[in-house]
Each structure stands twice: as structure tokens, then as C-alpha cells.
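# Results of the structural survey
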Amino acid sequence: MSCFETKSLPDGPLKTRGQHYVPCMLQSAFATAGRGKFPQVYVFDKKEERIFRTAPANILHERDFNRYNDGKYIICMEDGLGKIEDQAAPVFKRIAEDRSLVGLTLEDRVKVMAFVALQQVRGPSTRINMIDVAEKMRERVRSMGHDPEEVPQLRGMDDPEMVKFIAMNLASKNLPEFTKIISTKMMLLIGAAPGTTFLLGDHPVVKANTNQNGVLGSLGLTSEGIEIYLPIAPDLLLAFWCPTLVHFLEVGLKQSEESYHNTALIALLGVGSEADLLRKERANLGASIEALRADLDAIRNQKPLISNAKSMEYYNSLQVIYAERRVISATGDFALASNMIAGNNNLRSGPRLELL
């Protein structure tokens, strides 16, 4: 697979100046009939903590977001990005309608993975973090008694236009490698719990990594245990899991079944408070076994895993955390986002990288 191409043009007007970093093809799945002429999404602004409605064409875009102007030439990637979106859009539509990954060709999967690879570096958070890290490095250089302007790598990193060019170059050059890495993960679907919907943030490809002890792990794409999520509809989440996570489910099921089997006789014949407690524990264990079996069956059959209230909060909280400013919804329910911001003012913006 070849990466999209950039092209240099004489300076002048372009057909499209308001350029989306979360494309309309993704937002539209969350749009419903509103007061306007076109379907609308509900939008939650984390910074101002307000809710409003608008059409996907009017939100999650910036003027010339994919256009770099050095004063002499223009480099515009909008057409190349549009091709990736256009290739992925019908595949996402089919997945959402079928609620299944069955029947996807290798080419279909590559189109989806290329889109996911692009979205994880495409939004404003990438550029804001570049500027923020450069400023932190300048402060560190100053604290060491040196002039940061004498460090070549820091020159121009306070210029949004230069940062834009670096971010565009990052996406262009690394898209094939990122796509290749994502292809090593297990693609699966996760369905929303009944009566709930997924949120979609302005940085919609989110990552998580929690080891068996609940300790936060590395968020690198190649890290063991990495989880990657992208909502593609209000009731459907596309996931890419490290294969070790599926193995962990299989091991957990085997151990749980062995424990359930080994305690059967005591639970049947035992008397007293300890036996009563064991029966309650086995009832919970039996429910866990059924849930694990259902998840593994869904993965094998390429059908959606079923979420519960706790897992929905987990998935949606990642969208809120990663969003630089705005989160959209099909229903307008932003209670989780509001509560998270009330408990942590830093969540009014996206996550920031820390220097070691």
C-alpha cells in the first residue's frame, strides 16, 4: 500500500478551505434530524462546558488544516486524505449495517486500518503537543543556563505553520508503517450496552493499556497489551487488540472453568457458612464464565462483544480524555463528560506529554 501524496501548487485560492480533522463520513453516523436543513450532531465543548447542535459540515474542522503555505508554494494533502476517507467509508457503512466483520476482504481491512492509522495522528492534539513539548524543552534548556535559540531542533517550533508542516510530514511518511503495525492487532467489534451510546471525540482513535494488575502500561502501538478504539456508530465500536488480550481471556476462561468444576462437590454437599459462601462465589463465577464464553464466541464469529455499564463508561471516558476540546453524541447525553471535567479541570483540554 502506498501512502497518500502531497502536491505543491502555486499560491492561490483552493476549492476547500475548511478542512475536517474528523471527517463528515464518520460524524454523520452520529447525526440525527434537527432544526436545520441537514442532520445534526450534539456537541459538548469541554473548554466552555456547553452543549449545542450543528451539522457535521460545520464542526471538527479548521481553515487550511491540511494546507501548508511557505509564502511561495502551497502543500495541500486534502485530496490525498479524502481518498483514504472515501475508501474506508463504504467499509464502515457495511460493518455498521451488518454488525459483523464477516466477509471483509483483505483489501477492506487495509482500507480500515489505513484510516485508523491516519486518525491517530491527524487531529489538533498532535500539533498542540508538539508546541507544548518544544516549550517544555526550551524551559529546560533555559534552566540549564543555555539559550534555546541555539538548539537547531527547537527553532521554528513556536510557529504554528511550521508545526503544521511537521505534523503533515509525520502523517505522510509514517502512514504505511502505522498501518502495518495496526495490522498485527486483532480487529473486533464492541456493541453498546442497551439504552446507551458511544461518544465520539475530536481525537477519535484512542488507546489504552492496562496489565493484569490494573497498572497503566505503555501506549505505543507496538506495546504488549495495547487496546485501540474508534467509534464508527452510536452503537458500535471498532477495536484493535493486542493478541495477548484474547489469550488472556482464553486463559481466564480455562482457569475459571477448572475452579468451578473443582468446587462442585463441596458446593453440593457442604454445610455451614463456608459452604454457603462458596455457593454464592460459584454463582458469580458461573456468570463470569458465561460472559467470557460470550466474548470469545463473539470474537471468533467476528460479531460485536456485548458491553455493560462499566465497560461503556470505560470506552466513553477514553473519548473524553483524548478529545482536545469537543465531543459529539447522537443523543446529547454528556453527563459522563461533565462529571469527569468537574472532577479534573485538566480534562478541559487533551492529554499532554511529559518530559522524562
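Parameters and conventions
- Residue indices begin from 1 for each chain and proceed along its sequence in written order.
- Under the rules for a predicted model, residues below a pLDDT of 70 receive no local features and side-chain atom pairs below 80 are neither given nor counted, while totals for whole chains, interfaces and linings still include all residues.
- In computing side-chain values, all of the structure's heavy atoms are included and hydrogens and water are not.
- Two strands qualify as a pair provided that DSSP identifies no fewer than 2 bridges between them.
- The numbering of helices and of strands both runs from the N terminus, where a helix is a DSSP run of H or I of at least 4 residues and a strand a run of E of at least 2.
- The quantity known as pLDDT measures the predictor's confidence residue by residue, on a range of 0 to 100.
- Whether two residues are in contact is decided by their heavy atoms: any pair within 4.5 Å suffices.
- Relative accessibility decides the category of a residue: with a 1.4 Å probe and only protein chains considered, values under 20% of the type maximum give buried, values over 50% give exposed, and everything between is partly exposed.
- Working note: the arc is built from the helix axis to C-beta atom directions.
- Note on definitions: salt bridges are taken to be side-chain nitrogens of Lys or Arg within 4 Å of carboxyl oxygens of Asp or Glu.
- Every patch collects residues that have over 30% relative accessible area and no salt bridge, joining them within 9 Å if they carry like charges and within 5 Å if they are nonpolar side chains (Val, Leu, Ile, Met, Phe, Trp, Tyr).
- Only the protein chains shown count as cover for residues, and all accessible areas are computed by the Shrake-Rupley method using a 1.4 Å probe.
- None of His or the chain ends enter the tally, which takes Lys and Arg as positive and Asp and Glu as negative.
- Charge placement uses NZ in Lys and CZ in Arg. For Asp and Glu, CG and CD serve respectively.

Right, let's talk about the sheet that holds strand β13 (residues 305-306) for a bit. If you trace the five strands from one edge of the open sheet to the other, you get β10-β11-β12-β8-β13, paired in mixed fashion. Single-partner strands in this sheet number two, and they are β10 (206-208) and β13. Pairing of strand β11 (residues 227-233) with strand β12 (residues 236-241) involves six bridges; the strand directions are antiparallel. Of the residues in β12, the one forming a bridge with tyrosine 229 is alanine 239.

Considering every residue of the chain, the mean pLDDT works out to 89; 93% of them sit at 70 or more. Every residue in residues 1-6 is under pLDDT 50, and counting partners more than four places away or in other chains gives 20 contacts.

Buried within helix α10 (residues 335-343) are the following residues: Ala337, Met340 and Ile341. Taken down its axis, α10 places every buried residue within 95° of arc, on the same side. In α10, those exposed residues whose orientation departs by more than 90 degrees from the buried face are Asn339, Ala342 and Gly343. Those residues of α10 hidden inside the fold are in contact with β3 (41-45) and α9 (309-322).

So, on to the sheet that holds strand β9 (residues 200-201). The strand order β4-β3-β14-β9 describes an open sheet built from four strands, whose pairing is antiparallel. Of all the strands in the sheet, just β4 (50-54) and β9 have a single pairing partner and so form its edges. As judged from the two bridges shared by β9 and strand β14 (residues 326-329), these two strands associate in the antiparallel manner. Residue leucine 200 lies in a different strand from β14, and its bridge partner there is isoleucine 328.

So, on to the pattern of salt bridges. Enumeration according to the criterion identifies 21 salt bridges in this entry. Note that glutamate 48 is salt-bridged to arginine 50, the shortest N-O span being 2.5 Å. With a relative accessible area of 44%, glutamate 48 lands in the partly exposed category. The salt bridge partner of arginine 293 is glutamate 290, with a shortest N-O separation of 3.1 Å. Taken together, the positions of arginine 293 and glutamate 290, both in helix α8 (residues 273-300) and three residues apart, correspond to about one turn of that helix. The class of arginine 293 is partly exposed, set by a relative accessible area of 35%. Through salt bridges with shared partners, a single network forms among Asp45, Glu48, Arg50, Arg325 and Arg326.

Within the secondary structure, alanine 96 is located in helix α2 (residues 78-98). For alanine 96 and aspartate 147, which are 51 residues apart along the polypeptide, the C-alpha to C-alpha distance reads 54 Å.

It is worth spelling out a negative patch on the surface at this point. Among the surface-exposed residues, Asp147, Glu149, Glu150, Asp158 and Asp159 lie close enough to one another that they form a single negatively charged patch. Among the structural elements, aspartate 158 can be located in the loop between α4 (124-143) and α5 (160-182). Residue classification places aspartate 158 among the exposed positions, given a relative accessible area of 54%.

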